[in-house]
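Commentary on secondary and tertiary structure
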Amino acid sequence: MARPDWLAYVFVAVMVVAAVYSIGRLALAKRLGRRDHVAVDTSHVLMGVAMVGMLVPRWNWIPAGAWELVFGVLALYFVAAGVRFVAQHGLGGTEGGHGHHLSHSLIHAVLSCAMLNMYWLGMPITGSGGIEMAMSGPPTSAGDPGLTLLIIAILLASAVWQLDAISRFAPASQLALLAAGGAPVAGADQRPWLAPRLEVAVHIAMCLTMGYMLVLMV
């Protein structure tokens, strides 16, 4: 499916900002005395860099096979993290102080699988200016459109859900949680989370960019 090149570059700019910001989170969280989701920020950096390379092939300097290994490992990691979360908090539990629950790990597993899906299809997408989306090789199949549409629906649902949830991380909401008896468990890490609303914003950007790329492949 043809795509307008200017829109691709808009998403490229968003991914560059998201990746650089996530690198900053990894570098500054401990120095600022804040807690952070290291695995999530690391995955955001990797996904951002990979999608920039997909959208602008001349900026792609990592072989597709290496990316497939990276996202395969990430998918397995987040599935394992989901299992560990259930063992510690149960299906309906939340991560104290941040409000994350099982879906937090599962959606990042889906994001990693979506990246694998795009690389495995190896389907170049040509824009009006002749720029192609860099995948793993020549197009062999469009894949299963139903599966692709399902992934797109999951990504969009996650983006809408997270957008609606941003208000939970406002300072006033956190104070209300503590007033309602949401005090942290004794012995737990008492440090506040680093900019949770911006972490959510990066996640939303990842979902929308990935959804855009998948739509072009249907």
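Keep in mind it's a predicted model, so treat the numbers as computed, not measured.

**Describing the side chain of S105**
In this structure, S105 sits in helix α4 (residues 102–121). Its relative accessible area of 10% is what places S105 among the buried residues. Once residues within four sequence positions are removed from consideration, S105 is found in contact with F78, A81 and G82.

**Considering a nonpolar patch on the surface**
A contiguous nonpolar surface patch, about 300 Å² in accessible area, is contributed by W6, V10 and V14. Considering the arrangement of structural elements, one finds V14 in helix α1 (residues 5–28). By relative accessible area, V14 is classed as partly exposed at 32%.

**A look at the confidence of the model for the protein**
Fine structural detail should not be taken from predicted coordinates in areas where pLDDT scores are low. Predicted confidence across the protein gives a mean pLDDT of 79, with 72% of residues reaching 70 or more. Here residues 134–141 is modelled with pLDDT under 50, and outside its nearest four sequence neighbours on either side it reaches 27 contacts, counting other chains as well.

**Topic: the packing of aromatic side chains**
Applying the stated criterion across every chain yields a total of 4 aromatic pairs. A centroid spacing of 5.3 Å and a plane angle of 80 degrees characterise the contact between Y77 and F78, whose relative ring orientation is edge-to-face. A relative accessible area of 40% means that Y77 is categorised as partly exposed. Through pairs of rings, three or more aromatic residues link up here, namely W67, F71 and Y119.

**Regarding the packing of helix α5 (residues 145–165) against helix α7 (residues 196–215)**
Relative orientation and spacing of two packed helices are given, respectively, by the angle between their axes and the distance between those axes. Closest axis-to-axis distance for the α5/α7 pair is 9 Å, and the angle between their directions is 155 degrees. By the angle class used here, α5 and α7 are roughly antiparallel. Considering the relative orientation of α5 and α7, their crossing is left-handed. Mapping the contact onto sequence places T148, I151, I152, L155, L156, S158, A159, Q162 and L163 in α5 and V200, H203, I204, C207, L208, M210, G211, L214 and V215 in α7. Here the residues of the contact of α5 with α7 are counted per class, giving 13 nonpolar, 5 polar and no charged.

Criteria and thresholds
Residues numbered from 1 in each chain as written. Predicted model: local features only at pLDDT ≥ 70, side-chain atom pairs only at ≥ 80, totals over all residues. Heavy atoms only, no water. Helix = DSSP H or I, 4+ residues; strand = E, 2+ residues; numbered from the N terminus. Buried < 20%, exposed > 50% of the residue type's maximum accessible area, 1.4 Å probe, protein only. Contact = heavy atoms within 4.5 Å. Patch = residues over 30% accessible without salt bridge, like charges linked within 9 Å, V, L, I, M, F, W, Y side chains within 5 Å. Areas by Shrake-Rupley, 256 points an atom, 1.4 Å probe, with all protein chains shown as cover. Salt bridge = Lys/Arg side-chain N within 4 Å of Asp/Glu carboxyl O. pLDDT = per-residue confidence, 0-100. Phe/Tyr/Trp six-rings, centres within 6.5 Å; stacked < 30°, edge-to-face > 60°. Axes fitted to C-alpha atoms, helices over the stretch in contact; angles between N-to-C directions. Parallel < 35°, antiparallel > 145°, perpendicular 65-115°, else oblique. Left-handed = near helix turned anticlockwise from the far one by under 90°. Nonpolar A, V, L, I, M, F, W, Y, C, P; charged D, E, K, R; others polar.

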